[in-house]
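Chain and residue survey
Spelled out from the first residue to the last, the chains are:
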Amino acid sequence: MSRAGAAKAERRPGTIENDRFKTARQPRRDPDFYDSDYTDERDTTEVPDGVRLQKVLAQAGVASRRACEEMIGEGRVTVDGQVVRRFGARVDPARQVIHVDGKRLPTMPDLVYLAINKPIGVVSTMSDPEGRPSLADYVADRPERLFHVGRLDTETEGLILLTNDGELANRLTHPSYGVQKKYWAKVPGKIERDLARRLKKGVELEDGIARVDSFTVVQEHGQQALVEVVLHEGRKHIVRRMLEEVGHPVIDLARIEFGPVKLGRLKPGTVRALTVKEVGDLYAAVGL
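Note on numbering: residues in each chain are counted from 1, in written sequence order. For this predicted model, a pLDDT threshold of at least 70 governs which residues receive local features, and a threshold of 80 or more governs which side-chain atom pairs are given and counted, while totals over whole chains, interfaces and linings are taken from all residues. To get the side-chain values, all heavy atoms of the structure are used, and hydrogens and water are removed first.

Turning our eyes to something else, we now look at the environment of V212. Put simply, DSSP marks the helices as runs of H or I at least four residues long and the strands as runs of E at least two long, and each gets a number from the N terminus on. Relative to the elements of secondary structure, V212 occurs in the loop between β12 (208-210) and β13 (214-221). Three labels apply to residues, based on accessible area from a 1.4 Å probe with only protein chains included: buried if under 20% of the type maximum, exposed if over 50%, partly exposed otherwise in between. Classification of V212 as buried rests on a relative accessible area of 7%. Separated by 18 residues in sequence, V212 and V230 place their C-alpha atoms 6.0 Å apart. When sequence neighbours within four positions are dropped, the list of residues in contact with V212 reads L199, K200, V229, V230, L231 and M242. Any pair of residues with heavy atoms lying within 4.5 Å of one another is described as a contacting pair.

In this section: the environment of R76. Summarising the element assignment, R76 is placed in the loop between α4 (65-73) and β2 (77-79). For the pair formed by R76 and H99, sequence separation is 23 residues and the distance between their alpha carbons is 8.1 Å. Other than its neighbours up to four places away in sequence, R76 contacts M71, H99, V100 and D101.

This part covers the side chain of E257. Its location among the elements puts E257 in strand β15 (residues 252-258). Distance and chemistry together define a polar contact, namely a pair of N or O atoms within 3.5 Å, with one atom able to donate a hydrogen and the other to accept it when in protein, and with adjacent residues in sequence counting only for side-chain atoms on both sides. A polar side-chain atom of E257 sits 3.1 Å from a polar atom in the side chain of K262. Apart from the residues within four sequence positions on either side, E257 is in contact with L159, K181, K182 and K262.

Moving on to the nonpolar core. Residues L162, V187, L199, F215, V227, M242 and L243 are the most contacted members of the largest nonpolar core, which totals 33 residues. Elements with a contribution of two residues or more to this core: β7 (113-118), β9 (157-163), β10 (181-188), α6 (195-201), β11 (203-205), β14 (224-231) and α7 (238-245). Beyond its immediate sequence surroundings of up to four residues, V187 is in contact with Q223, Q224, A225, V227, L243, H248, P249, V250 and I251. For this analysis, a nonpolar core means a set of buried residues of the types Ala, Val, Leu, Ile, Met, Phe, Trp, Tyr and Cys, connected via side-chain atoms within 4.5 Å. In terms of nonpolar packing, the next biggest core, distinct from the first, is built from 19 residues, V149, L263, L266 and L282 among them.

Take the sheet that holds strand β5 (residues 98-100) next. Pairing is antiparallel across the open sheet formed by 4 strands, whose spatial order is β3-β2-β5-β6. Strand pairing shows two members of the sheet lacking a second neighbour, β3 (82-83) and β6 (103-104), which therefore form its edges. Strands are treated as partners if at least two bridges between them are detected by DSSP. Direction of pairing for β2 relative to β5: antiparallel, over a ladder of 3 bridges. Bridge pairing links V77 to V100 in β5.

Turning next to the side chain of S124. Positionally, S124 belongs in the loop between β7 and β8 (147-149). Only 2.6 Å separates the side chain of S124 from the backbone oxygen of L152, close enough to count as a polar contact. Among all residues touching S124, those that are not within four sequence positions of it are K118, L135, H148, R151, L152 and I160.

Let us now look at the packing of aromatic side chains. Describing an aromatic ring pair means giving the distance of the ring centres and the angle of the ring planes. Aromatic pairing here means that ring centres of Phe, Tyr or Trp (its six-membered ring) are within 6.5 Å. Orientation follows from the plane angle: under 30 degrees is stacked, over 60 is edge-to-face, and everything else is tilted. Inspection of the entire model under this criterion finds 1 aromatic pair. Geometrically, the ring pair formed by Y113 and Y283 is edge-to-face, given 6.3 Å between the ring centres and 75° between the ring planes. Of this pair, Y113 sits in strand β7 while Y283 sits in helix α8 (residues 276-285); the two residues are 170 residues apart in sequence, bridging distant segments of the chain. We note K181 situated over the ring of F258; from NZ or CZ to the ring centre the distance is 5.5 Å. Charges are assigned to positions over rings by a cutoff of 6 Å between ring centre and Lys NZ or Arg CZ, combined with an angular limit of 35 degrees from the ring normal.

In this section: unusual backbone geometry. Most peptide bonds adopt trans geometry, and most residues besides glycine take a negative phi value. Despite not being glycine, D80 has its phi angle at roughly 55°, a positive value. The residue D80 is located in the loop between β2 and β3 in this model. On the basis of relative accessible area, D80 is assigned to the partly exposed category, the value being 44%. At H237, a residue that is not glycine, the phi angle is positive and equals roughly 55°. Relative to the assigned elements, H237 resides in the loop between β14 and α7. Assessed through its relative accessible area of 35%, H237 is described here as partly exposed.

Counted residue by residue, α7 has 6 buried out of 8 residues, so it is predominantly covered. Among all positions of α7, only I238, V239, R240, R241, M242 and L243 are buried. Where α7 ends, the next residue or the one after it, G247, has phi of about 90°, a positive value.

Let us look at the pairing of β9. Most of β9 sits out of view: 6 of its 7 residues are buried. Bridging between β7 and β9 involves 6 bridges; their strand directions are antiparallel. Its bridge partner being in β9, A115 is matched across the sheet by L161. As judged from the 3 bridges shared by β8 and β9, these two strands associate in the antiparallel manner. Counterpart to H148 in the pairing with β9 is L162. Bridge analysis of β9 against β15 gives 2 bridges, and the strand direction is parallel.

Dropping the structure here:
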């Protein structure tokens, strides 16, 4: 049979081949131009009554709506793991996971991400049965039920994250994800040259060996030194206990970074919302 005849027979209604063609998930392609295993990329992310994707991005603070349209056109936006290039695509931000440049976007409007510079004398809880100042005092005007991510002892100041995103909070505090925290500590000097090596190798404490990821002398002045300690452990008073064990008991201690989030110029007792980039970096740090 000629090629034209075969094509005509293939289009004849009622044939098995024609029925298979009509129900196939992929359209038939000319084998002279397409490999046998070729499949189209099908956009399965569309939500007919959803919100336009560029509007979701703009409302989340990524960029202006026009700039967000350009990001979509450049293939920089994925929805549920699929690249979406259509400007008019509609999505459900409460149900679907959106990434921009590989970073997850916080799109659920009821999720809150805050940073607080905990002052000395404040307990790292959302309530205190003894009536001491707590983190809740600084967010008392917020209606959400917030979780604190990690703790600092009462005499330590610095960065604590607050959120109602339970999955993110759990991962950030779970040791298996190894999220680093950075501290500045004022200690008695002079600092021995091999102290960084000793701390990286490990210090024997009553509850096991503890190691830092890095140790740096920031400044030495007279008989005191300012040192930087980076570690991903979360044991109680871990920085204070390690430094005391090596002969440098802490005078003052502050946490200045939690993963990708920096304390910066945030004053003690003040709260700020995390940026879209910071939240995306936190998601990335724990594989979300």
